[in-house]
Amino acid sequence: MKAIVKTKPQPGAELLDAPTPRIAPDQVLVKVRATSICGTDVHIYKWDPWAQGRIGEKRLPQILGHEVAGEVVEVGSHVSRIKIGDYVSAETHIYDPGDLTALLEQKHLGEHMKILGVDCDGAFAEYIAVPERVCWKNDPSLPPEFATLQEPLGNAVYAVLGEDYDVAGKTMVIFGDGPAGVLSAGVARVCGATKIFLVGRSAITLEVGKKMGADYTLTLDLEPEERISFVLDHTGGNGADIVLEMAGNPQAVLEGFKVLRRGGRFTAFGVLSSPELNLDYNNSLVFKGIQVHGINGRKIFDTWYRASNFLSSGRLDLSPLITHMFPLEDFEKGFQAVMHRPRNCLKVVLFPHEKELEIAQARRSNNVR
Ligand code: ZN
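A. Structural view of the nonpolar core. If you look at the biggest cluster of nonpolar residues, it comprises 48 residues, and the most contacted ones within it are L153, V187 and L318. For this core, the leading source of residues is helix α5 (residues 150-161), giving seven residues. When residues of this core are assigned to domains, at least three fall in each of domain 1 (2-149 + 318-366) and domain 2 (155-294). Beyond its immediate stretch of four places on either side in the chain, L153 contacts L183, V187, A307, L311, L316 and L318.

B. Quick look at helix α11 (residues 302-312). Buried residues of α11: T303, W304, A307, S308, F310 and L311, and no others. All buried residues of α11 lie within an arc of 155° about the axis, which places them on one face of the element. For α11, the secondary structure elements touched by its buried residues are β6 (87-90), β10 (135-137), α4 (144-147), α5 and α6 (179-190).

C. Quick look at the coordination of the zinc ion. On the protein side, the zinc ion has C38 (SG), H66 (NE2), E67 (OE) and E151 (OE) as donor atoms, found 2.2 to 2.5 Å from it. Because the angles between the four donor atoms bound to the zinc ion fall within 89 to 162°, the donor set is best described as irregular. All donor residues of the zinc ion come from one chain, and their arrangement in sequence is C-x27-H-E-x83-E. One end of the pair, C38, is in the loop between β3 (27-36) and α1 (39-46); the other, E151, is in helix α5, with 113 residues separating them in the sequence. Each member of the pair C38 and E151 is classed as buried.

About the cut-offs
- Residues numbered from 1 in each chain as written.
- Predicted model: local features only at pLDDT ≥ 70, side-chain atom pairs only at ≥ 80, totals over all residues.
- Heavy atoms only, no water.
- Core = buried A, V, L, I, M, F, W, Y, C linked by side-chain atoms within 4.5 Å.
- Buried < 20%, exposed > 50% of the residue type's maximum accessible area, 1.4 Å probe, protein only.
- Helix = DSSP H or I, 4+ residues; strand = E, 2+ residues; numbered from the N terminus.
- Domains from an automatic or database assignment.
- Contact = heavy atoms within 4.5 Å.
- Arc of directions from axis to C-beta.
- Donors = N, O, S within 2.8 Å, 3.2 Å for Na, K, Ca; no water.
- Tetrahedral: all angles 85-135°; square planar, octahedral: opposite > 155°, others 65-115°.

Written as structure tokens, this is what we have:
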């Protein structure tokens with residue numbers, strides 16, 4: 001089968017003819033209809049210090065990719081819930097059912113969890129082997145280019161809703177105009193947030209954020225103090241109820257605490273390249289009485305249930321987010337688009353089968369599902 005493989009401990013990846021995966025008794029074989037490029041894939045593609053430490057040379061060659069939608073063509077002998085012919089996507093956090101977090105219904109955080117396309121072969125291929133327990137059955141009407149985006153959409157749904165699901169009628173500032181931030185603007189809108197502020201660098205992706213649901217966009221061309229007073233002025237001087245940090249930028253973290261109201265919720269999703277912060281802990285957290293919520297993954301499967309219902313009902317339209325579609329063979333073009341700065345790309349969807357790409361393009365130009 002065709003597969004995009006990391007073969008050497010250096011930047012780049014190769015299109016190879018790889019063996020079709022053999023499934024274990026608890027796995028299913030999925031024929032990939034669409035797969036999308038994520039920031040994690042970029043780390044692996046670039047072979048940056050994170051990828052070197054997390055994956056390492058010893059495990060190469062390894063197939064990239066983890067966001068996927070496809071059809072089940074084979075099931076292992078212990079598989080019962082998923083059937084041949086099912087149209088599925090996959091939760092990328094392959095939890096260990098024995099972890100304490102799995103027993104406490106926090107499956108996505110397990111100590112022995114493995115990540116699809118990071119700790120094992122991924123989805124940038126014609127076929128992928130996936131454990132049944134992380135398969136999510138898709139609504140058959142959902143186009144594969146949207147179904148593959150449920151994994152990053154899940155991060156946004158979890159970040160917007162938090163643990164208390166208390167969003168309706170509230171104000172929200174989102175830092176970061178990458179896919180996570182822009183998706184969150186869309187989710188915040190459908191969850192009933194009232195004033196949604198999106199902070200970012202790129203005029204192009206901020207515009208998509210507006211289309212998705214942001215009421216106000218604030219660029220980095222402004223001084224931090226200007227952005228802070230804009231938010232305060234538009235929230236009765238109190239600050240926003242909820243802040244999502246999705247930029248992975250220390251300045252955004254500090255600014256986030258400043259625009260958050262007393263008693264508000266700070267949601268931490270972005271990963272900082274150097275995690276030390278010069279934060280006034282007493283005044284930013286303790287005396288302000290805020291909640292801090294870290295996001296690592298999605299609730300399995302509460303988040304999936306909600307995300308897929310948002311999509312299949314048509315309440316949430318992800319088409320503005322898909323800026324590029326390519327055949328799998330053109331993965332290099334996809335990675336170049338994702339890495340381009342200033343950002344003019346949000347999500348790149350790759351199609352292993354030419355016919356699927358043609359259908360997706362036709363859907364896009366006719367604006368029909
Ligand atoms: Zn992803």
